[in-house]
There are 4 protein chains.
Amino acid sequence: MAERIGLWLNGARGSVAATAVSGLVALRAGLVPPVGCVTELLDANLAPWDAFVVGGHDIVTTPLAKRVESLVRDGVLSYDVAGCIASGLDAADAEIRPGYDPAAPSPSQADAARRLAGDIADFRARHELARVVVVNVASTEPPVRVEHDSLAALEEALAVPGNVVLPPSSLVAYAAFRAGCAFVDFTPSTGVALPALDELARSNALPYAGRDGKTGETLVRAALAPMFTSRALRVLSWTGTNLLGGGDGATLEDPAHAESKLASKTRGLAALLGEDVTAPLHIDHVPDFGERKTAWDHVSFEGFLGARMSLQLTWNGLDSSLAAPLVLDLARLMAAAHAAGRTGVQGALAFFFKDPLGSDEHRLAEQARELHEWARTLGTR
Amino acid sequence: MAERIGLWLNGARGSVAATAVSGLVALRAGLVPPVGCVTELLDANLAPWDAFVVGGHDIVTTPLAKRVESLVRDGVLSYDVAGCIASGLDAADAEIRPGYDPAAPSPSQADAARRLAGDIADFRARHELARVVVVNVASTEPPVRVEHDSLAALEEALAVPGNVVLPPSSLVAYAAFRAGCAFVDFTPSTGVALPALDELARSNALPYAGRDGKTGETLVRAALAPMFTSRALRVLSWTGTNLLGGGDGATLEDPAHAESKLASKTRGLAALLGEDVTAPLHIDHVPDFGERKTAWDHVSFEGFLGARMSLQLTWNGLDSSLAAPLVLDLARLMAAAHAAGRTGVQGALAFFFKDPLGSDEHRLAEQARELHEWARTLGTR
Amino acid sequence: MAERIGLWLNGARGSVAATAVSGLVALRAGLVPPVGCVTELLDANLAPWDAFVVGGHDIVTTPLAKRVESLVRDGVLSYDVAGCIASGLDAADAEIRPGYDPAAPSPSQADAARRLAGDIADFRARHELARVVVVNVASTEPPVRVEHDSLAALEEALAVPGNVVLPPSSLVAYAAFRAGCAFVDFTPSTGVALPALDELARSNALPYAGRDGKTGETLVRAALAPMFTSRALRVLSWTGTNLLGGGDGATLEDPAHAESKLASKTRGLAALLGEDVTAPLHIDHVPDFGERKTAWDHVSFEGFLGARMSLQLTWNGLDSSLAAPLVLDLARLMAAAHAAGRTGVQGALAFFFKDPLGSDEHRLAEQARELHEWARTLGTR
Amino acid sequence: MAERIGLWLNGARGSVAATAVSGLVALRAGLVPPVGCVTELLDANLAPWDAFVVGGHDIVTTPLAKRVESLVRDGVLSYDVAGCIASGLDAADAEIRPGYDPAAPSPSQADAARRLAGDIADFRARHELARVVVVNVASTEPPVRVEHDSLAALEEALAVPGNVVLPPSSLVAYAAFRAGCAFVDFTPSTGVALPALDELARSNALPYAGRDGKTGETLVRAALAPMFTSRALRVLSWTGTNLLGGGDGATLEDPAHAESKLASKTRGLAALLGEDVTAPLHIDHVPDFGERKTAWDHVSFEGFLGARMSLQLTWNGLDSSLAAPLVLDLARLMAAAHAAGRTGVQGALAFFFKDPLGSDEHRLAEQARELHEWARTLGTR
Ligand SMILES: NC(=O)c1ccc[n+]([C@@H]2O[C@H](COP(=O)([O-])OP(=O)(O)OC[C@H]3O[C@@H](n4cnc5c(N)ncnc54)[C@H](O)[C@@H]3O)[C@@H](O)[C@H]2O)c1
Ligand SMILES: NC(=O)c1ccc[n+]([C@@H]2O[C@H](COP(=O)([O-])OP(=O)(O)OC[C@H]3O[C@@H](n4cnc5c(N)ncnc54)[C@H](O)[C@@H]3O)[C@@H](O)[C@H]2O)c1
Ligand SMILES: NC(=O)c1ccc[n+]([C@@H]2O[C@H](COP(=O)([O-])OP(=O)(O)OC[C@H]3O[C@@H](n4cnc5c(N)ncnc54)[C@H](O)[C@@H]3O)[C@@H](O)[C@H]2O)c1
Ligand SMILES: NC(=O)c1ccc[n+]([C@@H]2O[C@H](COP(=O)([O-])OP(=O)(O)OC[C@H]3O[C@@H](n4cnc5c(N)ncnc54)[C@H](O)[C@@H]3O)[C@@H](O)[C@H]2O)c1
Ligand code: NA
Ligand code: NA
């Protein structure tokens, strides 16, 4: 029998997590086809869906079943499918442990990390898992400045009681590596993007990838911006307005939290089109949208002889529906990368991310090609 | 000094032709940067803009200067640029000869073709041109069924007085090959897409390419459809509405003429997404649009767990502004291909066409890559 | 106790009918607020929702409960509401009789009409109803030419066995009047819009209104076109594309059936803006849309000094959700009109219709004002 | 001969002013039809276009002819019309005086106002004008808090050297009234909206109107929001994004200046739909838009049985083209109101304004009706 693999979700009670767990259960039961799962298109030797066991951390206690109810109301999954996956959801629910809550007291961040790593190691042991992939899908954090560039300096600081050295996302990445797990950052938070954590991953021979899942406006931009450049058309402005509800919308209503997301989106456009493009970008919280996200982009461009033209886009997506299969894909791919001994940042996974770590490639088609090539090197089926 | 090259436009008094000529004159005079010219991005040894001399055929006599006046009104070029290119336009005007008019009497189509080829050969001789590239930018024709599959059978039929064997676009391609010229079909008309003409091109060692310049809705589709497939998302419907004025709009108001265009657009989508996608498509003639084209596309797609999402696009383009630089690019590329001894259909130019002859690749990014590779094989600069 | 009123739906098993019945049951049970019910805004003495009893004709036998299931899938009503209205649906279901099927044999159309009128009279008697309002919500028919302008001539022709004199919608109107009922045509079919039927209504002292419920693109046009005229802006073109699924979409896929709908829409725009506006209009059947309708309108207009501007609209509606409360409103209003002795066409109800009978007013705000005034004359509460 | 009337523009060298002057000259010369001029639709006795003489204040010295050149480039008027109005523009140019510049030193605001009023009185005398209407079309100011509620207290404060009591727009209104002129505020600045200025207008028996010309997104909202309320549909959110270039765009890039505009827009929507609607609103400065403004609105609404629907709008306007004819209309109407002895705020002109002074009516159709009625009371032609 194939080896069993753990998928450990940080933010396990959120929309993306709940959709990923629902989908995994439904895929395993053959209730739905793997639409949206990129790994199904790859020529690679990846674990089957039923190899996976799910657990995770969160700081709220809402049962997954409750969360799924509201996803049904918002059109993320149907009433019928939801009815068939109840026991699978409960099983995952039983594996969710209290996350690291920056607002709650803890002796030192080192202690907290030890506790997180322990939860993961215990999960791996109890289920006799060959390996565990940790994926961060917790709420977006505001950007922070972390001082300690070397692992030694970082660990020294973490040990001091009362010291707040790392944001939660980075503490989780630290704990994941300490527990010997591959790590994926699906959020725009600081997470793994620190020199000291890169050092840790490499010294522990662990692969990681990130960051900020590319599921909406940025996905479309990554597909369309290269159209303009390959046709030698000059983009003058590319403006964006994002309307979203849900938990993510509520978080991003706070400008400090939105800053990470806006920075990640803006970097992508500049990488694709250069710095000269006027590119105002807004994220608005509109509660009635629920899980829906609507993004409107307006592109002004100049053609031959100075002619002025434009393109407008309205994207109407269900964010969690787009994110969840990618989370499962990343679990499969990182498990295989771990098994194959890949170490450090996996830039070839840029296809999945708004702000790809370890890669400067933002053009979607090129990212797809890199992914397919990389997957082939993992051993084909 | 570099060799001089002829660009012979069939439909030389139309919008695309007039814009291409205006642009060539303006580029030569350094009045405008080569925005929209794809060949500027290629690593290839291509003729400079001032190597080109322009002539052509048309069945109307409106002076190019007059045509350009209306292009200025429609925003295709500015009043200022138009003022500086008058003498260049007049020079091109003097090289335009009466085209083949199917409504006018001619002894046999063979005679007519001889006359057309003679005009081109005379132009080449007078200007001491190393070679001439013929580009068809005449009005779109209705689809026709041509019987004769071998060159011999075709030529026999052409010689019979009163016989209408070929539509004008194909007669022009025939004449171009008989005159020893490379040929490009920028329209969706039958043109060169006949076995007998392919035979002729190959036996005369001439390259050709086509068809139907990809400048608007289809360009965007070629960039976006692969986004859905590479993400394993299932497109359910992709509907299109095109509003256009201008000469092209007036021609396409007639359903028979529109049929060629609709067929060419529809084939592209099916090639990208499969046959199962509901894809109604309309072209409406809206005179007040002038040279502007507005296209609205609505894409419905299904994601993970059956979630329903959509993307809407509104493209607002100036068709001739988008087409003209491609016509110049194709002249440069086909001249180089001719010089390099390339023969028959050049499928690597699929990047330029809605309905690429000699290629099944419809994904824009892949087409761009093929073009860049092909161009490199022509010898880099 | 207030008098009891019958609502007799022709096409009682269709989407509009099933939504209206669901809504009536839900309103009566206080499950939902009367959002979308215009009569709630009127200062008039109208029957309460629980005064109504529903019955109808249809030519299919799909149970209402089954129909409602698919409406839930399409987002017209929630799973929760659907669960609470089952017995109300069944009660209505038991009152649906076989409609007039033009494909089925019947001795003469006069016989058929007698049978239809009998069903309605029987329903009125059994439920001790003070009056019955008949509303046609059956599938749209192709336009037809009816010869007989006087009631006498019409009835003579109807009596001839085998003669097909009237389309089903008109036969239903005839039967309604013969049964002494007020009549509303919610469809663009010929229905009541015949001189002989007007004669019958007036001689029986019955009120009627129509036609073609105004629920989507035309509603928006009726609100927006007056903006342009009141600002002295010149609309040059107003193009429309309608994408729809559902039963209505399937019917309208047939160009003959679509003709009635297109004619009704086009007349409205011409009445609002004059005949000079270029106004191509398309209806496409896109099955994946289900009950959803998406309409895209593009308006080009000219302002001061010849400036060119535009407005684009994308309407995303659930047709039956918009239609159903209007059907209930019309039942209330026509019952009151009947009670108040109003006779003949009620042009003051133009607010509800795309192609208002008895009125030339197409401006929405003016129609609203007329409706409010008319309602006040029925006696305020 | 009819009486001659002055139109005094504060901000006379801006886009709106330059377009209004161009248009007036062109209308007088019969070069263009009065498209966009609402007064042409009224049944009222208004001065003809050639009764008007133009002058004004501004704080820059760019010649009108120069400004018009850039309006031509941006599509506001054609090269041809611009060529025919040069001498008319020069005549207006000669009547523009230095405006009140808050950055320049002046003894007291009372002195400054005296100088402004003197310029206007001098203009009236030299041209033997029956009356002058002052229209503020200067750059939008940030909102300010003005202390003095009575005219006496205000004038006392104005007299103190060095005191900055009023923002420029209000000082201009004060000067206009002191010079015996009717006043219109076409901007969202504080302007005339102060109790002390209302007192002054009434005591001098002068009419005034304002504020903030309604030319784009808000115009469309005023037409569309009543559609939802008259149909009892519940608007949940109405979001707006405005992209604009030009001088107005540059001014509004500064959040302090944008605040006045956003407040004026937001008040309108709340007045139409109530306070519960989520209504984020953005104004972005996108230089490549020039005089073009593109606004995207997304409306989410709830219908019967809780169904969720949406409407999207993209407005593509030339702001100055829409504003200029209204400025001319207001000059005509206020001259007539002045002649007819109307005093104080003219709420019946709400049709023209985003934030109508003296009126609570925001529904466009109702505003149009009020305007037509009010105009009739001025004496019909
Ligand atoms: N949905 C998408 O398409 C998408 C795309 C890219 C990135 N993301 C990112 O994924 C993340 C999750 O999005 P979502 O829509 O599921 O949001 P959500 O608000 O529904 O879920 C976030 C979850 O994280 C939990 N959480 C918060 N702080 C935590 C902590 N310190 N430790 C553990 N758990 C914590 C919350 O309790 C919540 O259950 C966000 O950061 C979002 O920006 C989502
Ligand atoms: N503009 C674009 O973006 C674009 C893109 C793809 C294809 N095309 C195709 O390019 C062609 C030209 O487009 P346009 O906008 O310039 O149209 P147009 O109507 O302005 O010009 C067509 C010209 O062809 C001439 N013509 C007609 N029949 C002829 C004949 N038998 N021989 C010689 N000349 C003839 C006409 O007189 C006219 O001058 C069309 O077939 C169009 O479908 C254009
Ligand atoms: N939904 C809207 O917003 C809207 C607006 C305006 C007009 N309408 C019109 O309302 C009608 C109903 O729309 P729908 O979406 O419910 O369509 P539907 O196809 O769901 O329902 C039509 C029903 O009519 C029945 N029918 C067909 N022929 C009949 C006959 N001869 N006698 C009795 N019943 C017959 C059908 O069996 C079906 O049950 C259509 O004509 C449509 O054009 C609908
Ligand atoms: N264009 C529209 O559709 C529209 C609609 C509503 C309101 N408005 C308002 O009209 C005003 C003008 O818009 P625009 O596009 O012409 O802007 P603009 O920037 O082109 O012109 C403004 C002019 O005002 C002048 N000015 C600045 N301060 C002044 C002062 N203290 N005294 C006299 N002049 C001064 C400037 O020098 C400039 O010439 C703005 O306040 C704008 O918000 C315009
Ligand atoms: Na990167
Ligand atoms: Na007000």
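- Taking an unreviewed UniProt entry as the reference, chain A is identified by name as Myo-inositol-1-phosphate synthase belonging to Lentzea jiangxiensis.
- Here is the UniProt Sequence similarities (unreviewed entry) comment for chain A, exactly as written: "Belongs to the myo-inositol 1-phosphate synthase family."

1. Some remarks on the UniProt feature "domain: Myo-inositol-1-phosphate synthase GAPDH-like" (unreviewed entry) in chain A
Stage number 1. Per the UniProt annotation, the sites labelled "domain: Myo-inositol-1-phosphate synthase GAPDH-like" (unreviewed entry) are residues 216-320 of chain A.
Stage number 2. Across residues 216-320 of chain A, the secondary structure splits into 41% helix and 36% strand, with the terminal C-alpha atoms separated by 10 Å.

2. A short note on the site of ligand 1
All names here are of chain A.
Stage number 1. Around ligand 1 sit 29 residues, and of these Asp58, Arg67, Ala138, Thr140 and Thr215 come closest.
Stage number 2. Backbone polar atom of serine 139 to an oxygen atom of ligand 1: 3.2 Å apart, as the coordinates give it.
Stage number 3. Between aspartate 319 and ligand 1, the recorded distance is 3.1 Å, taken from a backbone N or O atom to an oxygen atom.
Stage number 4. Coverage of ligand 1 by the protein chains reaches 93% of its 840 Å² of free accessible surface.
Stage number 5. For the shell around ligand 1, the secondary-structure elements that each account for two or more residues are helix H1 (15-28), helix H10 (246-253) and helix H12 (319-339).

3. Some details on helix H11 (residues 255-273) of chain A
Along an α-helix, residues three or four apart share an orientation, since each turn contains 3.6 residues.
Residues and elements named next belong to chain A.
Stage number 1. Its 19 residues place the ends of H11 26 Å apart at the C-alpha level, agreeing with the 27 Å of an ideal helix rising 1.5 Å per residue.
Stage number 2. Along its buried surface, H11 packs onto helix H9 (217-230), strand S7 (234-244), H10 and strand S8 (281-285).
Stage number 3. Near the N-terminus of H11, the side chain that reaches the backbone nitrogen of alanine 256, with its oxygen 2.9 Å away, is that of aspartate 254.
Stage number 4. Taken from the residues just after H11, glycine 274 is the one with a positive phi, measuring 95 degrees.

4. Points about the sheet that holds strand S9 (residues 292-302) of chain C
Stage number 1. Strand order in the open sheet made by the eight strands is S8(C)-S7(C)-S9(C)-S10(C)-S10(D)-S9(D)-S7(D)-S8(D), with mixed pairing throughout. Since the sheet does not close on itself, it has two edges, and those belong to strand S8 (281-285) of chain C together with strand S8 (281-285) of chain D, each with one partner. When the angles between neighbouring strand axes are averaged without regard to direction, this sheet yields 10 degrees.
Stage number 2. Both strand S7 (residues 234-244) of chain D and strand S9 (residues 292-302) of chain D contribute to a ladder of ten bridges, which runs antiparallel. Bridge pairing in S9(D) places Leu243(D) opposite Thr294(D).

5. A word on the interface of chain B and chain A
Stage number 1. Contacts between the two partners involve 59 residues from chain B, matched on the other side by 59 residues from chain A.
Stage number 2. Between chain B and chain A, the buried area comes to about 4,500 Å², and carbon and sulfur atoms account for 69% of it.
Stage number 3. Of all residues in chain B, Arg231(B), Phe304(B) and Leu305(B) give up the largest surface area on contact with chain A, accounting jointly for 22% of the area buried on that side.
Stage number 4. Counting every contact that joins chain B to chain A gives zero salt bridges.
Stage number 5. Connecting chain B to chain A are twelve residue pairs in polar contact (both at pLDDT 80 or more).
Stage number 6. Secondary-structure elements contributing two or more residues to the side of chain B that touches chain A are helix H1 (15-28), helix H9 (217-230), strand S9 (292-302), strand S10 (308-318), helix H12 (319-339) and helix H13 (364-376) of chain B.
Stage number 7. Sort the elements by how many residues they give to the side of chain B that touches chain A and S10(B) lands first, with eleven residues.

6. Points about the environment of Asn10(C)
Residues and elements named next belong to chain C.
Stage number 1. Along the chain, asparagine 10 turns up in strand S1 (residues 5-10).
Stage number 2. On the basis of relative accessibility, which here comes to 8%, the residue asparagine 10 falls in the buried class.
Stage number 3. Distance in space between the C-alpha atoms of asparagine 10 and valine 160 is 24 Å, their sequence separation being 150 residues.
Stage number 4. Discounting chain neighbours no more than four positions away, the residues touching asparagine 10 are His57, Val135, Asn136, Val137, Ala138 and Val172.
Stage number 5. A distance of 2.9 Å separates the side chain of asparagine 10 from the side chain of asparagine 136, its partner in a polar contact.

7. Some thoughts on the packing of H9(A) against H11(A)
Angle between the axes and distance between the axes: these two values describe a pair of packed helices.
Residues and elements named next belong to chain A.
Stage number 1. It is at 9 Å that the axes of H9 and H11 come closest, and there the two elements cross at 15 degrees. Between H9 and H11, the interaxial angle falls into the category roughly parallel. Seen from above, H9 lies across H11 with right-handed handedness. Counted together, Glu217, Thr218, Arg221, Ala222, Ala225, Pro226 and Thr229 of H9 and Lys265, Leu269, Leu272 and Leu273 of H11 form the full contact between these two elements.

8. Overview of the interface of chain D and chain C
Stage number 1. Taken together, the contact between chain D and chain C spans 59 residues of the former and 59 residues of the latter.
Stage number 2. Between chain D and chain C, roughly 4,500 Å² of surface is buried when both sides are summed, and carbon and sulfur atoms account for 69% of that area.
Stage number 3. Remark: the boundary between chain D and chain C carries zero salt bridges.
Stage number 4. For the pair chain D and chain C, the interface holds twelve residue pairs in polar contact (both at pLDDT 80 or more).
Stage number 5. It is strand S10 (residues 308-318) of chain D that contributes the most residues to the side of chain D that touches chain C, eleven residues altogether.
Stage number 6. By residue class, the composition of the side of chain D that touches chain C is 36 nonpolar, 15 polar and eight charged.
Stage number 7. Two strands pair when backbone bridges link them, and strand S10 (residues 308-318) of chain C and S10(D) are joined in this way by seven bridges, in the antiparallel orientation. If you follow Gln312(C) over to S10(D), its bridge partner there is Thr314(D).

9. Some details on the site of ligand 2
All names here are of chain B.
Stage number 1. Contacts to ligand 2 come from 28 residues, most closely from Asp58, Arg67, Ala138, Thr140 and Thr215.
Stage number 2. At 3.2 Å, a backbone N or O of serine 139 approaches an oxygen atom of ligand 2.
Stage number 3. Aspartate 319 is positioned with one of its backbone polar atoms (N or O) 3.1 Å from an oxygen atom of ligand 2.
Stage number 4. Contributing elements (two or more residues each) for the shell around ligand 2: H1, helix H10 (246-253) and H12.

10. Regarding the packing of aromatic side chains
Stage number 1. This structure, assessed with the given rule, holds 36 aromatic pairs over all chains.
Stage number 2. Pairing Phe177(C) with Phe183(C) gives two aromatic rings, centres 6.1 Å apart and planes at 70 degrees, and the pair type is edge-to-face. Each member of the pair, Phe177(C) together with Phe183(C), is buried.
Stage number 3. Between Phe228(C) and Phe301(C) the ring centres are 4.9 Å apart and the planes differ by 55 degrees, which places this aromatic pair in the tilted class. Separated by 73 residues along the polypeptide, Phe228(C) in helix H9 (residues 217-230) and Phe301(C) in strand S9 bring together distant segments of the chain.
Stage number 4. Joined through ring pairs, the aromatic side chains of Phe228(A), Trp238(A), Phe301(A) and Trp315(B) make up one cluster.

11. Overview of unusual backbone geometry
Stage number 1. Backbone torsion omega between Gly210(A) and Arg211(A) reads -10 degrees, so that peptide bond is classified as cis.
Stage number 2. Relative to the helices and strands, Arg211(A) is located in the loop between strand S6 (207-210) and H9.
Stage number 3. Positive phi is not limited to glycine here, since Asp212(B) has a value of about 75 degrees.
Stage number 4. Assignment of secondary structure puts Asp212(B) in the loop between strand S6 (207-210) and H9.
Stage number 5. Taking relative accessible area as the criterion, Asp212(B) reaches 1% and is therefore assigned buried.

12. Brief notes about the relation of the copies chain B and chain A
Stage number 1. When chain B is fitted onto chain A, the two copies agree to an RMSD of 0.0 Å after a turn of 180 degrees and an axial shift of 0.0 Å. In symmetry terms, the pair is related by a two-fold rotation axis. Closest approach to the rotation axis among the C-alpha atoms of chain B is made by Leu313(B), whose C-alpha sits 2.3 Å away.
Stage number 2. When the interface residues of chain B are mapped onto chain A, 100% of them again lie at the interface, so the same face is used by both copies.

13. Some details on the environment of Ala182(D)
Residues and elements named next belong to chain D.
Stage number 1. Along the polypeptide, alanine 182 turns up in strand S5 (residues 182-185).
Stage number 2. For the pair alanine 182 and alanine 337, spaced 155 residues apart in sequence, the C-alpha to C-alpha distance is 8.6 Å.
Stage number 3. With near-sequence residues (within four places) excluded, alanine 182 lies in contact with Val132, Val133, Val134, Leu206, Pro207, Met334 and His338.

Reading guide: rules and limits
- Residues numbered from 1 in each chain as written.
- Chains lettered and ligands numbered in written order.
- Predicted model: local features only at pLDDT ≥ 70, side-chain atom pairs only at ≥ 80, totals over all residues.
- Heavy atoms only, no water.
- UniProt positions renumbered as here; feature names shortened; annotations may be inferred.
- Helix = DSSP H or I, 4+ residues; strand = E, 2+ residues; numbered from the N terminus.
- Near = heavy atom within 4 Å.
- Polar contact = N/O pair within 3.5 Å; in protein donor to acceptor, adjacent residues only side chain to side chain.
- Areas by Shrake-Rupley, 256 points an atom, 1.4 Å probe, with all protein chains shown as cover.
- Expected span 1.5 Å × (residues − 1).
- Contact = heavy atoms within 4.5 Å.
- Pairing = 2+ DSSP bridges.
- Axes fitted to C-alpha atoms, helices over the stretch in contact; angles between N-to-C directions.
- Buried area = accessible area lost by both parts, 1.4 Å probe.
- Salt bridge = Lys/Arg side-chain N within 4 Å of Asp/Glu carboxyl O.
- Buried < 20%, exposed > 50% of the residue type's maximum accessible area, 1.4 Å probe, protein only.
- Parallel < 35°, antiparallel > 145°, perpendicular 65-115°, else oblique.
- Left-handed = near helix turned anticlockwise from the far one by under 90°.
- Nonpolar A, V, L, I, M, F, W, Y, C, P; charged D, E, K, R; others polar.
- Phe/Tyr/Trp six-rings, centres within 6.5 Å; stacked < 30°, edge-to-face > 60°.
- Least-squares fit on C-alpha atoms with pLDDT ≥ 70 in both.

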